[in-house]
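The residues making up each chain are set out below.
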Amino acid sequence: MVRPSDIDELGEGMLDLDWRRHRRTSEPGRARAVFLDRDGTLSEDVGYACEVAQYRLFPWTVPALRALRQAGYRVIVLTNQSGVARGYFPETMVQEVHRRFERELREHGAQWDAIYYCPHHPEGIVPAYRRMCACRKPATGLVERAAREFALDLPRCVFIGDKYTDIMLAHRVGARGVLVLTGHGREEWARSRKEGWRPPDHVAGNLWEAVQWVLSHEGGAECDATP
Ligand SMILES: [Mg+2]
Ligand SMILES: [Zn+2]
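Reading guide: rules and limits
- Residues numbered from 1 in each chain as written.
- Chains lettered and ligands numbered in written order.
- Predicted model: local features only at pLDDT ≥ 70, side-chain atom pairs only at ≥ 80, totals over all residues.
- Pairing = 2+ DSSP bridges.
- Helix = DSSP H or I, 4+ residues; strand = E, 2+ residues; numbered from the N terminus.
- Right-handed = clockwise from strand over helix to strand, strands pointing away.
- Axes fitted to C-alpha atoms, helices over the stretch in contact; angles between N-to-C directions.
- Parallel < 35°, antiparallel > 145°, perpendicular 65-115°, else oblique.
- Left-handed = near helix turned anticlockwise from the far one by under 90°.
- Contact = placed C-beta atoms within 7 Å.
- Nonpolar A, V, L, I, M, F, W, Y, C, P; charged D, E, K, R; others polar.
- Core = buried A, V, L, I, M, F, W, Y, C linked by C-beta atoms within 7 Å.
- Buried ≥ 20, exposed ≤ 12 C-beta atoms within 10 Å, placed from the backbone.
- Arc of directions from axis to C-beta.

An account of the pairing of strand β3 (residues 114-118) is requested, with residue identities and associated values reported.
Note that strand β2 (residues 74-80) and β3 share 5 bridges and pair parallel. Along β3, the bridge assignment pairs Ile76 with Ala114. Where the polypeptide runs from β2 across helix α3 (residues 91-107) and back to β3, its parallel neighbour, the crossover connection is right-handed.

Here it is in structure tokens:
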């Protein structure tokens, strides 16, 4: 188990070992990424809050992102922001929240590589955003775009989120999905077991624990859904 204070020691050696292990099965030159959900995963789920100051990163988000980037992963955030289509807040506020998060991460030596959001909803009240789109999770539009822009090897990617849509999306694109028990995670996990849905590849208490699992199960073959 790696603690936040140990992260700086996860260095080049680990990266080299990992490349040797994966060379045979991976497409040369293609990168791996961890796709992260935003609300309830990176930050507290504050509903459709319309004050930027209400949005807060979890305290473990900075060390988790640093650990992923130091291990050689791209960090890509995917978020459904249907509050725009529903008329709860303007798209500019979504962008403002992202700038605030980016600033806070940078101040602590962490960052994501990209963030993609979907502002649509089929039943929205704002005409410009009311539509069935290809980018609202679990649709694969944003993942396909990220895979193109970052030349990603999707079978080596992992998705981490607090909703079942994040897990479904992971499995649709042939990646692994880790459910976190923050945000809506507990109710989503209970519901998925009741409904008999395909289990996540792992269930973690929070993003930090999810990242520890990713870093210790880089092969991709194992399945461990015990919380
Ligand atoms: Mg979420
Ligand atoms: Zn969309």
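Summarise the sheet that holds β3; cite the residues concerned and give the values.
Taken in spatial order, the 6 strands line up as β3-β2-β1-β4-β5-β6 in an open sheet, and their pairing is parallel. Looking at strand neighbours, the two that pair on one side only are β3 and β6 (202-204), the edges of this open sheet. On average, adjacent strands in this sheet sit at an angle of 20° to one another, irrespective of strand direction.

Could you give an account of the packing of helix α2 (residues 61-70) against helix α7 (residues 207-216), naming the residues involved and the relevant values?
Interaxial distance between α2 and α7 falls to 9 Å at its minimum, and their mutual angle equals 15°. Judged by the inter-axis angle, α2 sits roughly parallel to α7. For α2 against α7, the interelement crossing comes out left-handed. Across from Thr61, Pro63, Ala64, Ala67 and Leu68 in α2, the residues of α7 making contact are Leu207, Trp208, Val211 and Leu215. Of the residues assigned to the contact of α2 with α7, the class counts are 8 nonpolar, 1 polar and no charged.

Please give an account of the nonpolar core that cites residues and values.
Across soluble globular proteins, nonpolar side chains show a tendency to be buried alongside one another. Ranked by internal contacts, the top residues of the largest apolar core, which has 50 residues, are Val34, Phe35, Val75 and Ile160. When residues no more than four places from it in sequence are discounted, the contact partners of Ile160 are Val34, Leu36, Asp37, Thr41, Val178, Val180, Leu207 and Ala210.

How would you explain the environment of Leu36 if you had to name every residue and give the values?
Take Leu36: it is sitting in strand β1 (residues 33-37). Owing to 28 C-beta atoms within 10 Å, Leu36 belongs among the buried residues under this scheme. Placed 126 residues apart in sequence, Leu36 and Asp162 show a C-alpha to C-alpha distance of 9.6 Å. Residues within four places of Leu36 in sequence aside, it is in contact with Thr41, Leu42, Val75, Val77 and Ile160.

Give me the lowdown on α7, citing residues and values where you can.
For α7, the full list of buried residues reads Leu207, Trp208, Ala210, Val211 and Val214. End-on, the buried residues of α7 take up no more than an arc of 160°, which puts them together on one face. Check the buried side of α7 and you find it contacts β1, α2, β4 (158-161), β5 (176-180) and β6.

Which residues make up the pairing of β2, and what are the values?
Counted residue by residue, β2 has 7 buried out of 7 residues, so it is predominantly covered. Where burial is concerned, the two faces of β2 agree: the one with Arg74, Ile76, Leu78 and Asn80 and the one with Val75, Val77 and Thr79 are both buried. The pairing of β1 with β2 spans 5 bridges and is parallel. In the strand pairing of β2, Ala33 is matched with Arg74. For the handedness criterion, the β-α-β arrangement of β1, α2 and β2 is classed as right-handed.

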